[in-house]
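The residues making up each chain are set out below.
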Amino acid sequence: MNTSHLEHAFIAVAFQCLLWPLVGRWVGGSLIVAVFLGREIAQHEYAGGGPNAVGYFYGLVHHWSPDSIFDVLSPQPPASCWR
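What counts, and where the lines are drawn
Residues numbered from 1 in each chain as written. Predicted model: local features only at pLDDT ≥ 70, side-chain atom pairs only at ≥ 80, totals over all residues. Heavy atoms only, no water. Helix = DSSP H or I, 4+ residues; strand = E, 2+ residues; numbered from the N terminus. Buried < 20%, exposed > 50% of the residue type's maximum accessible area, 1.4 Å probe, protein only. Contact = heavy atoms within 4.5 Å. Salt bridge = Lys/Arg side-chain N within 4 Å of Asp/Glu carboxyl O. Axes fitted to C-alpha atoms, helices over the stretch in contact; angles between N-to-C directions. Parallel < 35°, antiparallel > 145°, perpendicular 65-115°, else oblique. Left-handed = near helix turned anticlockwise from the far one by under 90°. Patch = residues over 30% accessible without salt bridge, like charges linked within 9 Å, V, L, I, M, F, W, Y side chains within 5 Å. Areas by Shrake-Rupley, 256 points an atom, 1.4 Å probe, with all protein chains shown as cover. Arc of directions from axis to C-beta.

A. Focus on the overall build of the protein. Across its full length, the protein holds four helices and zero strands. Seen in sequence order, the protein has helices and strands lined up from the N terminus as α-α-α-α. Burial analysis of the protein (83 residues in total) assigns 27% to the buried set. The long-range share in the protein, meaning contacts at least 24 apart out of those at least 6 apart in sequence, stands at 57%.

Here's what the structure looks like:
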């Protein structure tokens, strides 16, 4: 775990708290996870040569490391935050 994982978790919780009154806790959490997942997929596409140089699902199946997987999982706060 590095500081970027803590930053992702802090940013995600902050945005979830802002979105919670507007769309509810489940939708707010899902939106934040989708944003971080899309960001990681875009980074993997650029690692493969850019979005125009690779296939449609390239970023979804290539260049995944434990660090990038944890970057996607870290926005999700513990279940005890929602009770």
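B. Structural detail: the pattern of salt bridges. Overall, the coordinates contain one salt bridge when judged by the stated rule. Between Glu-40 and Arg-39 there is a salt bridge; the shortest N-O distance is 3.6 Å.

C. Structural context of the packing of helix H2 (residues 25-47) against helix H4 (residues 66-73). Close contact between H2 and H4 brings their axes to 8 Å; oriented N to C, the two are set at 155°. If you check the angle between H2 and H4, you find them roughly antiparallel. Every pair of crossing elements has a handedness; the one defined by H2 and H4 is right-handed. Contact residues: Phe-36, Leu-37, Glu-40 and His-44 in H2; Ser-68, Asp-71 and Val-72 in H4.

D. Region of the structure containing the environment of Asp-71. Residue placement: Asp-71 occurs in helix H4. You can call Asp-71 buried: its relative accessible area is 7%. Spatially, the C-alpha atoms of Asp-71 and Ala-9 are 8.8 Å apart, while their sequence positions differ by 62 residues.

E. Structural context of the side chain of Glu-40. Along the chain, Glu-40 falls in helix H2. Residue classification places Glu-40 among the buried positions, given a relative accessible area of 2%. Once residues lying within four places of it in the same chain are set aside, the contact partners of Glu-40 are Trp-64, Ser-68, Asp-71 and Val-72.

F. View of the environment of Phe-70. Here Phe-70 is to be found in helix H4. Since its relative accessible area comes to 33%, Phe-70 is described here as partly exposed. Between the C-alpha atoms of Phe-70 and His-8, which are 62 residues apart in sequence, the distance is 9.9 Å.

G. Inspection of a nonpolar patch on the surface at higher detail. A surface patch of nonpolar side chains, amounting to about 440 Å² of accessible area, comprises Phe-10, Ile-11, Phe-15 and Leu-18. Here Phe-15 is to be found in helix H1 (residues 3-23).

H. Structural detail: H4. Buried residues of H4: Ser-68, Asp-71 and Val-72, and no others. Down the axis of H4, the buried set is contained in an arc of 95°. They therefore lie on one face.

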